[in-house]
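Tertiary structure, described
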Amino acid sequence: ESRVRYVSEFGFLLAGLIGLISPATSRAQAAHGQLNRNFVAVSGGSFIDDVNGDASALVGGIRLGRFLNRYLVAELVTGYSTTSTKSVDLQTFAVQQQSTPFLHADVALEAQIPWVVAPYIGVATGLFHRSSAAGMQSEHGAGISAAAGTRIWATKALFAQGELRARQDHYSYGDVHNFEMTVSVGGSF
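Residues numbered from 1 in each chain as written. Predicted model: local features only at pLDDT ≥ 70, side-chain atom pairs only at ≥ 80, totals over all residues. Heavy atoms only, no water.

Structural notes on the environment of glycine 187
Rule in force here: By definition, any uninterrupted DSSP run of H or I lasting at least four residues is a helix, any uninterrupted run of E lasting at least two residues is a strand, and each is numbered from the N terminus. A contact between two residues is defined here by any heavy atoms of the two lying within 4.5 Å.
Along the chain, glycine 187 turns up in strand S8 (residues 174-188). Sequence-wise, glycine 187 and alanine 157 are 30 residues apart; in three dimensions their C-alpha atoms are separated by 5.1 Å. Discounting residues that sit within four places of it in the chain, glycine 187 has contacts with Asn38, Phe39, Val40, Ala157, Leu158 and Phe159.

Following this line, the structure appears as structure tokens:
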């Protein structure tokens, strides 16, 4: 139920951004031409920790990217969230809620269609750190992810971006699958 809510909220947010930007796309098509090579963006959205959806939180981050050519983009993707999980103490059957900060930095390679509305797919690898919480130890390790998204160029230098990213992070006790749904606003220089 919570995953459906997050997906629908993400869809409404992305549709709203498209609605705000679409009047500018005809101007952007004329100005689009050759894009600047570097870009920076601020992102925010939802982080679903573990495919079971038992923990979720807001996520924020910064994206730094470089257009390698018209079709390939290299990007450094960072994110921070504080997830809240609920667990049951098996001795007392009391429900406990725990918050754990989660930080990640990934290097991504994306293939895009170079239009004003530019869909892309990508893969990434990187590192993560999860701080300790009651009953848990701090963890850090490596992860991989796959992403699909769209950049919508309002001008030659300004864009909005929506992305869905599936992550697999390797912990000492095994792999954990997570999802991020983010919207970013940025500019190229």
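After that view, the rundown keeps rolling.
Topic: the nonpolar core
Rules: Here the nonpolar core consists of buried residues drawn from Ala, Val, Leu, Ile, Met, Phe, Trp, Tyr and Cys, with membership extended through side-chain atoms lying within 4.5 Å. We call a residue buried when its accessible area falls under 20% of the maximum for its residue type, exposed when it is over 50%, and partly exposed in between, using a 1.4 Å probe and counting protein chains only.
Phe39, Ala41, Phe67, Val73, Val116, Trp153 and Phe159 together form the largest nonpolar core, which totals 7 residues. Among the nonpolar cores identified, the runner-up in size contains 6 residues, and Phe47, Val59, Phe102 and Phe128 belong to it.

Notes on the pairing of S8
Our working rule: A strand pair is defined by DSSP finding two or more bridges across the two strands.
Direction of pairing for strand S1 (residues 38-49) relative to S8: antiparallel, over a ladder of 11 bridges. When the sheet's bridge partners are listed, isoleucine 48 is paired in S8 with phenylalanine 179. Looking at chain direction, strand S7 (residues 158-171) and S8 are connected through 14 bridges and run antiparallel. Residue pairing across strands places tyrosine 171 opposite glycine 174, the latter belonging to S8.

Side note on the pattern of salt bridges
Counted only if it meets this: Any Lys or Arg side-chain nitrogen found within 4 Å of a carboxyl oxygen on Asp or Glu counts as a salt bridge.
Overall, the coordinates contain 8 salt bridges when judged by the stated rule. Ionic pairing is found between glutamate 163 and arginine 63, a salt bridge with its closest N-O pair at 2.8 Å. Of the two residues, glutamate 163 is situated in strand S7 and arginine 63 in strand S2 (residues 55-67); the sequence distance between them amounts to 100 residues. For the pair glutamate 163 and arginine 63, one class covers both residues: buried. Taken together, the shared-partner salt bridges in this structure form one network comprising Arg63, Glu75, Glu110, Arg151, Glu163 and Arg165.

Some remarks on the confidence of the model for the protein
For clarity, the threshold we go by: Values of pLDDT, the confidence the predictor places in each residue, fall between 0 and 100.
The predicted model of the protein has a mean per-residue pLDDT of 81, with 74% of residues at 70 or higher. In this model residues 21-32 is a low-confidence stretch, pLDDT under 50, and it forms 16 contacts with partners more than four residues away in sequence or in other chains.

Overview of the pairing of S7
Relative to S7, strand S6 (residues 139-153) is paired through 11 bridges, and the arrangement is antiparallel. Within S7, the residue paired with alanine 148 across the bridge is leucine 164. What sits between the antiparallel neighbours S6 and S7 is a turn of 4 residues. Joining the antiparallel neighbours S7 and S8 is a turn of 2 residues.

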